[in-house]
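# Summary of structural features
Residue-level listing of the chains:
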Amino acid sequence: MEATAKAHTNIALIKYWGKRDEELFLPMNNSLSITLDQFYTITSVQFCECLTADKFYLNETLATDDETKKISELLDLIRKLSGVKMFAVVDSLNKVPTAAGFASSASGFAALAAAATKAIGMDIDEQTLSTIARRGSGSACRSIYGGYVEWQKGELLDGTDSYAEQVLHEKEWDLTILSVLLEPKEKKILSREGMRRSVETSPFYQGWLETVDEDLEVAKQAINERNFEMLGEVLERNAMKMHATTLGANPPFMYWQSATFDVMEKVQELRESGFRAYFTIDAGPNVKVLCQPKDEEYVRGALMALTPVQDVYTCHPGPGISYLPHTKRKTCC
Ligand code: PMV
């Protein structure tokens, strides 16, 4: 009872920001992302009678109790759905520079959901797999698919209609996503807490909800028409609006640091000098810059020249879930 799966991380162009149900990870709004080719997680899962608890290895090291608890919660759901009661050994390798603000939780929980459901013998389609990955981390439901992906918020209370779908295959439109690594200065407010505080206290949250569907429509039209400028303008606008909700929260907070502003200003300067480049920012200080492949070397060079920039990773649209031959590196009995 074992399987190995690989999942790539994703970056939201239209953000998921706010939950309507915290326990089931049900979002307030639809979101849209690109799955990235460079960053991924490979996870092997083996269920075995001999185990008395789940065991979780992250990058070759036995994980902490807190890390293992999050994994066990998703495994509990999979055990409940399948009717199998065995515990598992989970062995995960993360090829995600987590310090660069690329949440490894998206690729991590997508790979875990895929490997664990296969290992336990569940025969499910990708839509159902997406709803299971969602229960580990919301954005993980989008990492089941490659390319351009929309997460449908759904309407049902049980969340069975809240899953992701591919909008456009990764090979259908190439873009460059530059992930700019800055030196982190302060402790992060986790997305879960940031969302909750924005939903509950920010007067700007209503404005976010009222306009996000329109942003999504514009972004999908831009993808359909392969209109890079239209996509860039709406993704930057959408990121700014998400961050505006944090400024209006009580107590207010912001994810940006001085280095974040340096990158934002550089992107605006690049645009003034004729390069189409646009930024987006998640729940942290680091910035992702989107541009066209023909401009990627120049734009990367301009970003690398900024003093607080430590590194810039070049990514393109990447694939969805894949299953690999099982590699048994950690044994249970
Ligand atoms: O699923 P989480 O908890 O990693 O939350 C993701 C939140 C954002 O990255 C800010 C937006 C998004 O849609 O990915």
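As the structure is a computational prediction, the values presented were derived from the model and not from experiment. (Residues numbered from 1 in each chain as written. Predicted model: local features only at pLDDT ≥ 70, side-chain atom pairs only at ≥ 80, totals over all residues. Heavy atoms only, no water.)

## Some points on the site of the ligand
The immediate surroundings of the ligand are formed by 14 residues, with Ala12, Tyr16, Ser139, Arg142 and Ser191 found nearest. At 3.2 Å from an oxygen atom of the ligand is found a side-chain nitrogen or oxygen belonging to Ser137. With respect to the ligand, the backbone of Gly138 contributes an N or O atom lying 3.4 Å from an oxygen atom. About the coverage of the ligand: the protein hides 90% of its 380 Å² of free accessible area. (Near = heavy atom within 4 Å. Polar contact = N/O pair within 3.5 Å; in protein donor to acceptor, adjacent residues only side chain to side chain. Areas by Shrake-Rupley, 256 points an atom, 1.4 Å probe, with all protein chains shown as cover.)

## Let's talk about the nonpolar core
Nonpolar side chains in soluble globular proteins generally cluster together in the buried interior. Ile34, Val45, Phe47, Leu231, Val263, Val289 and Leu303 are the most contacted members of the largest nonpolar core, which has 94 residues in total. The element that contributes the greatest number of residues to this core is helix α2 (residues 104-119), accounting for nine residues. Three or more residues apiece are contributed to this core by two domains, here domain 1 (2-172) and domain 2 (176-315). Not counting residues up to four positions away in its chain, the partners in contact with Leu231 are Leu13, Trp173, Leu175, Ala219, Ala222 and Ile223. By size, the runner-up hydrophobic cluster in this structure holds five residues, among which are Cys48, Leu51, Tyr57 and Cys332. (Core = buried A, V, L, I, M, F, W, Y, C linked by side-chain atoms within 4.5 Å. Buried < 20%, exposed > 50% of the residue type's maximum accessible area, 1.4 Å probe, protein only. Helix = DSSP H or I, 4+ residues; strand = E, 2+ residues; numbered from the N terminus. Domains from an automatic or database assignment. Contact = heavy atoms within 4.5 Å.)

## Some details on the packing of helix α5 (residues 205-225) against helix α6 (residues 228-247)
Closest axis-to-axis distance for the α5/α6 pair is 9 Å, and the angle between their directions is 160°. Between α5 and α6, the angle is such that the two are roughly antiparallel. Relative to α6, the crossing made by α5 is left-handed. Residues Tyr205, Trp208, Thr211, Val212, Asp215, Val218, Ala219, Gln221, Ala222, Ile223 and Glu225 of α5 form the contact with α6, whose own contacting residues are Met230, Leu231, Val234, Arg237, Asn238, Lys241, Met242 and Thr245. (Axes fitted to C-alpha atoms, helices over the stretch in contact; angles between N-to-C directions. Parallel < 35°, antiparallel > 145°, perpendicular 65-115°, else oblique. Left-handed = near helix turned anticlockwise from the far one by under 90°.)

## Description of the domain arrangement of the chain
Along its sequence, the chain is carved into domain 1 (2-172) and domain 2 (176-315). The gap between the C-alpha centroids of domain 1 and domain 2 is 24 Å. Across the boundary between the two partners, domain 1 contributes 31 residues, which contact 38 residues of domain 2. For the pair domain 1 and domain 2, the two sides together bury roughly 3,000 Å², of which 70% comes from carbon and sulfur. Of the charged contacts, one joins Arg226 and Glu172 as a salt bridge, the two residues approaching to 3.6 Å between their closest N and O atoms. Where domain 1 meets domain 2, there are ten residue pairs in polar contact (both at pLDDT 80 or more). Mapped onto the side of domain 1 that touches domain 2, the elements with two or more residues apiece are β1 (2-14), β4 (31-48), β8 (148-151) and β9 (164-168). Tallying contributions element by element places β4 first for the side of domain 1 that touches domain 2, with seven residues. A class-by-class count of the residues in the side of domain 1 that touches domain 2 yields 19 nonpolar, six polar and six charged. (Buried area = accessible area lost by both parts, 1.4 Å probe. Salt bridge = Lys/Arg side-chain N within 4 Å of Asp/Glu carboxyl O. Nonpolar A, V, L, I, M, F, W, Y, C, P; charged D, E, K, R; others polar.)

## Re empty space enclosed by the protein
Going through the model one piece at a time under the given rule, you end up with one cavity of 30 Å³ or more. Considered as a void within the structure, the largest cavity measures approximately 50 Å³ in volume. In terms of lining residues, the largest cavity is bounded by ten residues, among which Ser44, Gln46, Asp91, His326 and Lys330 are the most central. At the level of secondary structure, the elements contributing two or more residues to the lining of the largest cavity comprise β4 and β7 (87-95). Looking at the lining of the largest cavity element by element, the count peaks at three residues for β4. Residues belonging to the lining of the largest cavity are distributed by class as follows: two nonpolar, four polar and four charged. (1 Å grid on protein atoms, 1.4 Å probe; cavity = no way out; pocket = protein on both sides within 12 Å on 5 of 7 lines; lining within 4 Å. Points joined across faces, edges and corners; volume = space filled by probe spheres on them.)

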